[in-house]
Amino acid sequence: MNAFEGSIRGMARTPAWPRKTREFHNHHFDSTIWNDFRFRPDDIVIATYAKSGTTWMQQMVGQMLFGPDPELPVAQMSPWLDLRVPPKAVKLSEAEAQAHRRFLKTHLPVDALVFSPQARYVYIGRDGRDVVWSMYNHHAGANAAWYTALNDTPGRVGPPIGLPAPDVRRYFHEWMARDGHPFWPFWENVRSWWEIRHLPNVLMVHFADLKRDMPAQMRRIARFLAIEVDAADWPAIEEYCSFAWMKANAVRSTPLGGAFWDGGADTFIHKGVNGRWTEVLSAAESADYERRAERELGPACARWLREGGDSD
């Protein structure tokens, strides 16, 4: 019995797995793809709200599974399954054809997913203020092809996504007032994953902890995913997962090589830092966010989302 098989057996006694209770559609999403997706026992699902270290985690998991390899085409290997373009029939066929251990990406809340008791789920959290600052760069840098793909391809449900607000402070206030606008609701996403954090196949990781000590966090993730990494390979793997290396080689880890953003992949892999909001938001604006976070998530989850650390 290998490490993965042994850890799967340890999950067998866990009751009350999450159940899908709704579909989620908008300019980005088609959650129905999960209804037809055929899980394998060793699948990995990387989950975030968005702009919380998703691409970084995909790079880490890809390098731990198949590296060290500076040429690894992570963006091609790790699809965003519930993005509605290309159509789900195309994505399902491509995912089924993957012969390697699959590591998939989702931005859905738990209740819009078909949850597999055997798959492993890694959820990455990040302070909502940092999310918004990263999201603003992502949205403001998007080009006409991005809007065409999201708004004009068949199957969109709901209104199109429009241009961003003219400055990041206004963008933040709209995001707060309309819960995640113009993307999708924030609080329910974080809350849904926090509520299942004690399941044996769910690991909560925080962006700030990755920034503080990426090597330690990577080893924690490798243990959870039952990935055995040769000790001699860690230095190269860590290099290929560093922000500096990913920024310099952004085409390999950015969807479509950055074709949807002005400035290309360098726009998508932007700064990778926290706290930029401290230079813009007033103390009162920041306190308003923190009160909202505690009201929406409860004190323990709000603290974890703000600071990282232990999610228990």
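Residues numbered from 1 in each chain as written. Predicted model: local features only at pLDDT ≥ 70, side-chain atom pairs only at ≥ 80, totals over all residues. Heavy atoms only, no water.

## A closer look at the pairing of strand 2 (residues 103-106)
Judged by which residues are buried, strand 2 turns out to be covered on both faces: Phe-103 and Lys-105 on one side and Leu-104 and Thr-106 on the other are all buried. Sheet topology places strand 1 (residues 44-47) next to strand 2; 4 bridges connect them, and they run parallel. For Ala-47, the partnering residue across the bridge sits in strand 2 and is Thr-106. (Buried < 20%, exposed > 50% of the residue type's maximum accessible area, 1.4 Å probe, protein only. Helix = DSSP H or I, 4+ residues; strand = E, 2+ residues; numbered from the N terminus. Pairing = 2+ DSSP bridges.)

## Here we look at the pairing of strand 4 (residues 202-206)
Most of strand 4 sits inside the fold, with 5 of its 5 residues counted as buried. Inspection of the sheet shows strand 3 (residues 120-125) paired to strand 4 by 5 bridges, in the parallel sense. Paired with Gly-125 across the two strands is His-206, which belongs to strand 4.

## Looking at the pattern of salt bridges
Going through the model one piece at a time under the given rule, you end up with 16 salt bridges. As a salt-bridge pair, Glu-307 and Arg-306 come within 3.0 Å of each other at their nearest N and O atoms. Three or more residues joined by partner-sharing salt bridges are found here, namely Arg-22, Asp-111 and Glu-188. (Salt bridge = Lys/Arg side-chain N within 4 Å of Asp/Glu carboxyl O.)

## Re empty space enclosed by the protein
The final tally for this structure, using the stated rule, is 2 cavities of 30 Å³ or more. Estimates place the volume of the largest cavity at around 50 Å³. When residues of the lining of the largest cavity are traced back to their parent elements, those giving at least two are helix 16 (283-297) and helix 17 (299-307). Residue classes in the lining of the largest cavity are distributed as 4 nonpolar, no polar and 4 charged. (1 Å grid on protein atoms, 1.4 Å probe; cavity = no way out; pocket = protein on both sides within 12 Å on 5 of 7 lines; lining within 4 Å. Points joined across faces, edges and corners; volume = space filled by probe spheres on them. Nonpolar A, V, L, I, M, F, W, Y, C, P; charged D, E, K, R; others polar.)

## Overview of the packing of helix 9 (residues 187-194) against helix 16
It is at 10 Å that the axes of helix 9 and helix 16 come closest, and there the two elements cross at 45°. When the axis of helix 9 is compared with that of helix 16, the two are oblique. Crossing of helix 9 against helix 16: the hand is right-handed. Residues Trp-187, Val-190 and Arg-191 of helix 9 lie in contact with helix 16, whose contacting residues are Tyr-289, Arg-292, Ala-293, Glu-296 and Leu-297. Taken together, the residues of the contact of helix 9 with helix 16 sort by class into 5 nonpolar, no polar and 3 charged. (Axes fitted to C-alpha atoms, helices over the stretch in contact; angles between N-to-C directions. Parallel < 35°, antiparallel > 145°, perpendicular 65-115°, else oblique. Left-handed = near helix turned anticlockwise from the far one by under 90°. Contact = heavy atoms within 4.5 Å.)

## Quick notes on the side chain of Lys-91
Position of Lys-91 relative to the elements: it lies in helix 5 (residues 88-97). Although Lys-91 is buried, it forms no salt bridge, and the closest oppositely charged side chain is Asp-82 at an N-O distance of 7.1 Å. A polar side-chain atom of Lys-91 sits 2.5 Å from the main-chain carbonyl oxygen of Trp-80. Excluding residues that lie within four positions of it along the chain, Lys-91 makes contacts with Ile-33, Trp-80, Leu-81, Leu-83, Val-85 and Pro-86. (Lys, Arg positive; Asp, Glu negative; His and termini not counted. Polar contact = N/O pair within 3.5 Å; in protein donor to acceptor, adjacent residues only side chain to side chain.)

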